[in-house]
Amino acid sequence: MRYCYFLNDYPLRKIFSVWDDTIGSRDSIYVVQTAPNVVARCILMTSDPGDLVLDPTCGSGTTAYVAEQWGRRWITIDTSRVAIALARSRLMGARYPYYLLADSPEGQQKEAEVTRSVPKSTPTFGSIRQGFVYDRVPRISLKSIANNAEIDVIWDRMQPDVEQALRDLNAEMEGFPCPHPVTSGGRAGKLLDFQRQEEVRLPSGETALTSEFLEWEVPREQGTPMTGKTLALWQDARKALRELELLERELAKPRSPVGEEKVNAASRSFEYALESLNDFIEDPSSAAASALV
Ligand SMILES: C[S@@+](CC[C@H](N)C(=O)[O-])C[C@H]1O[C@@H](n2cnc3c(N)ncnc32)[C@H](O)[C@@H]1O
């Protein structure tokens, strides 16, 4: 081998959209006959049902035959009697599919069946310009999901199971020593504390328990629970905060035996515990402060 060409030696690119189903006509009845699928592709790309298609070189009548199949009107011309005779017998002997007009009462009914929607009751005029009722290839988009009436049926059926699973999960988690960082919803960034059953208000105004997952907070993937020294430091900080909160509440009461010095000392203990925790963990923003408030 003396020389090897590479694709990127020249500004060439691979062709991916080769129409390999359009090579000549099989079973042709005329010497020069275009394959029906080539004509069909051209007609479908360039016209609508009811449009007029002209082929001034009729030959065996492929254009007229395909136009008839797809609901287009047609005119075709040829100087050859042989061509006209062949085309006539082909067109007269062919079988064509039957379509329902979209602009007809039966069409409205069928359209509703195909699209699973309520049938239209607007007046119909039998105009072919509105096209036919076509089978649909399912195409899933956000809009189709949002407008899908079946979602309600699925929700009605599945939601009780989802709620039961959530109750089971929360019951199972009760008292679990490791906190869990919430990553979605109104309390994203906070930690769930399975040992502390307190009510908190969410930004939406709803209330939730600090110890329970809400539906959208349940992690989809297994995470890494807080363990070892991090967990111990977190528990110390939480204990210090509880003590501080308790003393603050006491201090607020009339004739409280708790003095300010005691509260200040508790506050310093908490700050120290929090600092120790934040110093130890790699990503302070993920834990302590949000976890403990
Ligand atoms: C290539 S064939 C047509 C094939 C056909 N359109 C198809 O796609 O299968 C050409 C045809 O044109 C016809 N023809 C040639 N000159 C013509 C003319 N001046 N007017 C009308 N038809 C003509 C020929 O008789 C022949 O049947």
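Please read all numbers here as calculations on a predicted model, not as lab measurements.

Novice: Mind showing me how you'd approach the overall build of the protein here?
Specialist: Looking only at helices and strands, the protein features 9 helices and 6 strands. For 293 residues, the compact-globule estimate of 2.2 N^0.38 gives 19 Å, and the C-alpha radius of gyration of the protein, at 38 Å, exceeds that figure by more than 25%. Summarising its shape, the C-alpha atoms of the protein cover approximately 120 × 75 × 30 Å along the three principal directions. Out of the 293 residues in the protein, the part that is buried amounts to 16%. Of the contacts made within the protein by residues no fewer than 6 positions apart, 48% connect residues no fewer than 24 positions apart.

Novice: Explain helix α2 (residues 62-69) to me, please; I cannot follow it from the model alone.
Specialist: What sets the pattern is the α-helix's 3.6 residues per turn: residues three or four places apart point alike. Those residues of α2 not exposed but buried are Thr62, Thr63, Ala64, Val66 and Ala67. Check the buried side of α2 and you find it contacts α1 (36-46), β1 (52-55), β2 (73-76) and α3 (81-93).

Novice: Quick question: what am I supposed to make of the packing of α1 against α2 here?
Specialist: Packed helix pairs are characterised by how far apart their axes lie and by the angle those axes make with each other. One way to put it is that α1 packs onto α2 with a least axis distance of 9 Å and a crossing angle of 55 degrees. Judged on the interaxial angle alone, α2 and α1 are oblique. Both α1 and α2 take part in a crossing whose hand is right-handed. Here Pro36, Val39, Ala40 and Ile43 of α1 come into contact with α2, specifically with Thr62, Thr63, Tyr65, Val66 and Ala67. Residues belonging to the contact of α1 with α2 are distributed by class as follows: 7 nonpolar, 2 polar and no charged.

Novice: What's the story with the packing of helix α7 (residues 228-252) against helix α8 (residues 260-280) in this structure? I'm lost.
Specialist: Contact geometry of α7 with α8 gives a least axis separation of 8 Å together with a crossing angle of 160 degrees. Accordingly, the angle class assigned to the pair α7 and α8 is roughly antiparallel. Considering only the axes of α7 and α8, their crossing is left-handed. For the contact of α7 with α8, the residue count by class is 15 nonpolar, 4 polar and 6 charged.

Novice: Just checking my understanding: could you explain unusual backbone geometry for this structure?
Specialist: One can expect most non-glycine residues to show negative phi and most peptide bonds to be in trans. For Arg116, which is not a glycine, the phi torsion comes out positive at approximately 50 degrees. Structurally, Arg116 can be placed in the loop between α4 (105-115) and α5 (142-146). Among the residues examined, Arg116 registers 10 C-beta atoms within 10 Å and is labelled exposed. The backbone phi angle of Arg255 is positive, close to 50 degrees, even though this residue is not glycine. Tracing the backbone shows Arg255 in the loop between α7 and α8. A residue is classified by how many C-beta atoms lie within 10 Å of it, and Arg255, with 4 of them, is exposed.

Novice: Quick question: what am I supposed to make of the site of the ligand here?
Specialist: Taken together, the neighbourhood of the ligand is formed by 15 residues, with Val32, Thr34, Thr57, Gly59 and Ser80 sitting nearest. In terms of residue class, the shell around the ligand is made up of 4 nonpolar, 9 polar and 2 charged.

Novice: How do you make sense of the nonpolar core when you look at a structure like this?
Specialist: Grouped burial of nonpolar side chains is what soluble globular proteins tend to show. One finds Ala237, Ala240, Leu244, Phe270, Ala273 and Leu277 to be the most contacted residues of the largest nonpolar core, which totals 13 residues. Counting only elements with at least two residues in this core, the list comes to α7 and α8. At 7 residues, the largest contribution of residues to this core is made by α7. In terms of nonpolar packing, the next biggest core, distinct from the first, is built from 8 residues, Val39, Ala64, Ala67 and Ala87 among them.

Novice: Would you explain the environment of Trp234 in this entry?
Specialist: Tracing the chain through its elements places Trp234 in helix α7. Judged by the 26 C-beta atoms lying within 10 Å of it, Trp234 falls in the buried class. Separated by 40 residues in sequence, Trp234 and Leu274 place their C-alpha atoms 7.7 Å apart.

Novice: I would appreciate a short explanation of the pairing of β1 in the present structure.
Specialist: Here is the key point about a regular strand: its side chains alternate between the two faces of the sheet. Side chains Val53 and Asp55 project from β1 onto a buried face, and the interleaved Leu52 and Leu54 project onto a face without burial. With 4 bridges connecting them, β1 and β2 associate as parallel partners. What sits directly across from Leu54, in β2, is Ile75. Taken together, β1, α2 and β2 form a β-α-β motif whose crossover is right-handed.

Novice: Honestly, the confidence of the model for the protein in this entry has me stumped. Any pointers?
Specialist: The predicted coordinates of low-pLDDT regions are not to be read in fine detail. In the predicted model, the protein carries a mean pLDDT of 85, and 92% of its residues have values of at least 70. Within the protein, the lowest mean pLDDT, 46, falls on helix α9 (residues 288-292), and the highest, 97, falls on β1. Every residue in residues 284-290 is under pLDDT 50, and counting partners more than four places away or in other chains gives 15 contacts.

Novice: What exactly am I supposed to notice about the environment of Glu271 here?
Specialist: Topologically, Glu271 is positioned in helix α8. When the 13 C-beta atoms within 10 Å are taken as the criterion, Glu271 is described as partly exposed. Considered as a pair, Glu271 and Pro119 are 152 residues apart in the sequence and their alpha carbons are 68 Å apart.

What counts and what doesn't
Residues numbered from 1 in each chain as written. Predicted model: local features only at pLDDT ≥ 70, side-chain atom pairs only at ≥ 80, totals over all residues. Helix = DSSP H or I, 4+ residues; strand = E, 2+ residues; numbered from the N terminus. Rg over C-alpha atoms; globule rule 2.2 N^0.38 Å. Buried ≥ 20, exposed ≤ 12 C-beta atoms within 10 Å, placed from the backbone. Contact = placed C-beta atoms within 7 Å. Axes fitted to C-alpha atoms, helices over the stretch in contact; angles between N-to-C directions. Parallel < 35°, antiparallel > 145°, perpendicular 65-115°, else oblique. Left-handed = near helix turned anticlockwise from the far one by under 90°. Nonpolar A, V, L, I, M, F, W, Y, C, P; charged D, E, K, R; others polar. Near = placed C-beta within 6 Å. Core = buried A, V, L, I, M, F, W, Y, C linked by C-beta atoms within 7 Å. Pairing = 2+ DSSP bridges. Right-handed = clockwise from strand over helix to strand, strands pointing away. pLDDT = per-residue confidence, 0-100.

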